[in-house]
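The lines below spell out each chain.
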Amino acid sequence: MTAPHRSWRRRLLAAFGYDPDPVVVSFWSGPVALCERMQAEVEALLPQYRHVIVTQGPIEGRCSLHVEPGPPFEMSNRLRQALRGKRIGMAPVLFGTGPEGEPLRQVALLLAPTKILAFNPNLERLHLRLMDFITGFLFLAGMPLDRARLRPRWWWPVPEQRTFAPDSVQIVDGRPASPARSPAAVLTPFKPWPLSHGGAVRMYSLLREAALEFDIHLFCFLEPGEAPAPGPLTTLCHRITYVPKPHYREPRWSTLAPAETREYHSAAMHRELARFRAAHPKAPIQIEFTQLAGYRGDILVEHDITFDLYRQIYDRSRTLPAWWDWWRWHRFERRALRRFQHVVAMSGKDAPLTSRPCDVIPNGVDLARFSFEPELAGQQVLFVGSFRHFPNAAAFRFLWMEIWPLVLAKCPSARLTVVAGPDAQSHWHTFTGQDCLPAAPSLTLHEFVADVAPLYKAANLVVIPTLFSAGTNLKALEAMSSGRTIVSTPSGVAGLGLTNGESVVVSSTAQEFAHAVATLLANPPRREVLA
């Protein structure tokens, strides 16, 4: 806009009684601390404008317009009178913080529907526009902004963000091949070293034993920015092939195949496996985890029966999205199980769910690494579970939000230690939409821990508050081997043959779980009997 045009426009606005300079009207429709952060960000973004704060009541230390409660149209008219002569250039509003701020949100939408700068509790912001109403709807419904902007590949117009699968490959040579050993390939969704979670522990332990008879060609995916760092794998494998994990950019609901299977669809990995099969046509290829069952192989290792996991979720929530996830997994996994010559399950509980003959190779524990030691005095509670596996993130949220406050009410000196696995912040944000991991004086949260055995020895009690789980939990075996008492939900120790009240305490609700934890923390002799 030229300077004369701006001058003419200013004179015209002034003639009609409007201030030619727009103002930013911020609606404090949430907790004061969060609104303070929103206001600081808005003022930093728009320092050239005057700022007006609108609240439902006076705020200490702030000059604001506070609107008395009433019907939305009445509140809007009162605020319009208070702002008479002022032109609203932007209207920041905090959404998603509860019903108490809803009246102000409605007033903002009535007063300046095209000027809304919406903030969510994580202070992600989006300018609401009619042309992009889908993103706005999903964002206001509580979806994180990066996910609200995703579109299916079949969407019209073509989405701006597309799934990208890097074509690069990194190969690390390990020990020399031997005529006394046969070649074999193992495909994994992540590195089996370091031993940062139960899946890595199991795969590493079995690779160590299989290396006695086979020259293993290991194929695995790398997370974005992750380095190969094979460690002792080079002494077990003949060759390790690393392929970057695709950057999946579609809504998780939008495909017939489960999103987790599409996240690992890599042309580079298909090509490398085809090269191995061409070079070793008689060598077996073992596929670890159901989400990789789309790759051609001979042996499928079912670390959990995934459709059973999603059936548990659907049984708890009875929602359409939960049913859709279950149906997709049931369809995909049943077909996958029929394609493989051999199937491996974790327990006798899982084997019948495969609906075909399969081998059961139970999870185990390194008795030398997780050895029994007497407890130290204290009230230390331990939860181990990588947030990479979303049932662990759900279990921690259940523990932290519903169980732990009840425990602290009965045992104020109780302390909780959590091992959340690598990149816990990112996985927590994906699962909950929250930018920050929880923090409190009673909580010590670790991400990657090279050796969790000392944490078991420092604990007085181990908790497994999983709301849904499949397979068997290595954390339960590690706790028992370390001589520590376990409080668990039924799914946390399923398939292990433990007896409630003899080898474990099983509790279903938050109240029961908290009562069991508090009672055992106050009763060391009872813990000793159970352990």
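Definitions and limits used
Every chain begins its residue count from 1, and numbering advances along the sequence as written. The predicted nature of this model means local features are confined to residues of pLDDT at least 70 and side-chain atom pairs, given and counted, to a pLDDT of 80 or more, with totals for whole chains, interfaces and linings taken over all residues. Side-chain measures were taken over the full set of non-hydrogen atoms in the model, leaving aside hydrogen atoms and water. What makes two strands pair is DSSP finding at least two bridges between them. By definition, any uninterrupted DSSP run of H or I lasting at least four residues is a helix, any uninterrupted run of E lasting at least two residues is a strand, and each is numbered from the N terminus. The contact criterion used throughout is that any non-hydrogen atoms of two residues lie within 4.5 Å. Each axis is a line fitted through C-alpha atoms, taken for helices only over the stretch in contact, and angles between the N-to-C directions span 0 to 180 degrees. Only protein chains enter the accessibility calculation, which uses a 1.4 Å probe; a residue is then buried when its area is under 20% of its type maximum, exposed when over 50%, and partly exposed in between. Under this definition, polar contacts are N or O atom pairs within 3.5 Å; protein pairs additionally need one hydrogen-donor-capable and one acceptor-capable atom, and for neighbouring residues in sequence, both atoms have to be side-chain atoms. If you view the pair so one helix is near and one far, a crossing is left-handed when the near helix is turned anticlockwise from the far one by less than a right angle, and right-handed when it is turned clockwise. In this count, Pro and Cys sit with the nonpolar residues alongside Ala, Val, Leu, Ile, Met, Phe, Trp and Tyr, while Asp, Glu, Lys and Arg are called charged and the others, Gly among them, polar.

## Considering the sheet that holds strand E2 (residues 50-55)
Part 1 of the argument: Read across the open sheet, the 6 strands follow the order E3-E2-E1-E4-E5-E6; overall the sheet is mixed. The sheet is open, and its two borders are formed by strand E3 (65-66) and strand E6 (125-127), each paired with just one other strand.
Part 2 of the argument: Across the face of the sheet, helix H5 (residues 133-140) comes into contact with strand E5 (116-119) and E6 while running at roughly 145° to E6.

## Regarding the environment of Gln 56
Part 1 of the argument: Structurally, Gln 56 is set in the loop between E2 and E3.
Part 2 of the argument: Gln 56 gets classed as partly exposed once you look at its relative accessible area, which sits at 30%.
Part 3 of the argument: Side-chain polar atoms of Gln 56 contact the backbone oxygen of Glu 100, separated by 3.0 Å.

## Looking at the packing of helix H3 (residues 72-82) against helix H4 (residues 102-111)
Part 1 of the argument: Closest axis-to-axis distance for the H3/H4 pair is 9 Å, and the angle between their directions is 60°. Where H3 crosses over H4, the two elements pack in a sense that is right-handed. Packed against H3, whose contacting residues are Pro 72, Phe 73, Met 75, Ser 76, Leu 79 and Arg 80, the element H4 presents Pro 103, Gln 106, Val 107, Leu 110 and Leu 111 at the interface.
Part 2 of the argument: A class-by-class count of the residues in the contact of H3 with H4 yields 8 nonpolar, 2 polar and 1 charged.

## Some points on unusual backbone geometry
Part 1 of the argument: Following Trp 193, the chain continues into Pro 194 via a peptide bond in cis, with omega recorded as 5°.
Part 2 of the argument: Assignment of secondary structure puts Pro 194 in the loop between strand E8 (182-188) and helix H7 (198-210).
Part 3 of the argument: Of note, the phi angle at Phe 289 is positive, near 80°, even though the residue is not glycine.
Part 4 of the argument: Structurally, the position occupied by Phe 289 is in the loop between strand E11 (285-288) and strand E12 (299-302).

## Observations concerning the sheet that holds strand E14 (residues 359-360)
Part 1 of the argument: Overall, mixed pairing links the 8 strands, which are arranged E7-E10-E9-E8-E11-E12-E13-E14 in an open sheet. Edge positions in the sheet fall to strand E7 (170-173) and E14, since each has one partner strand and no second.
Part 2 of the argument: As judged from the 3 bridges shared by E8 and E11, these two strands associate in the parallel manner. From the neighbouring strand, Leu 187 faces E11, where its bridge partner is Ile 287.
Part 3 of the argument: Taken strand by strand, H7 contacts E8, strand E9 (214-222), E11, E12 and strand E13 (342-345), and its axis lies near 160° from that of E9.
Part 4 of the argument: Packing against the sheet, helix H10 (residues 267-279) makes contact with E7, E8, E9, strand E10 (237-244) and E11, and its axis sits at approximately 170° to E9.

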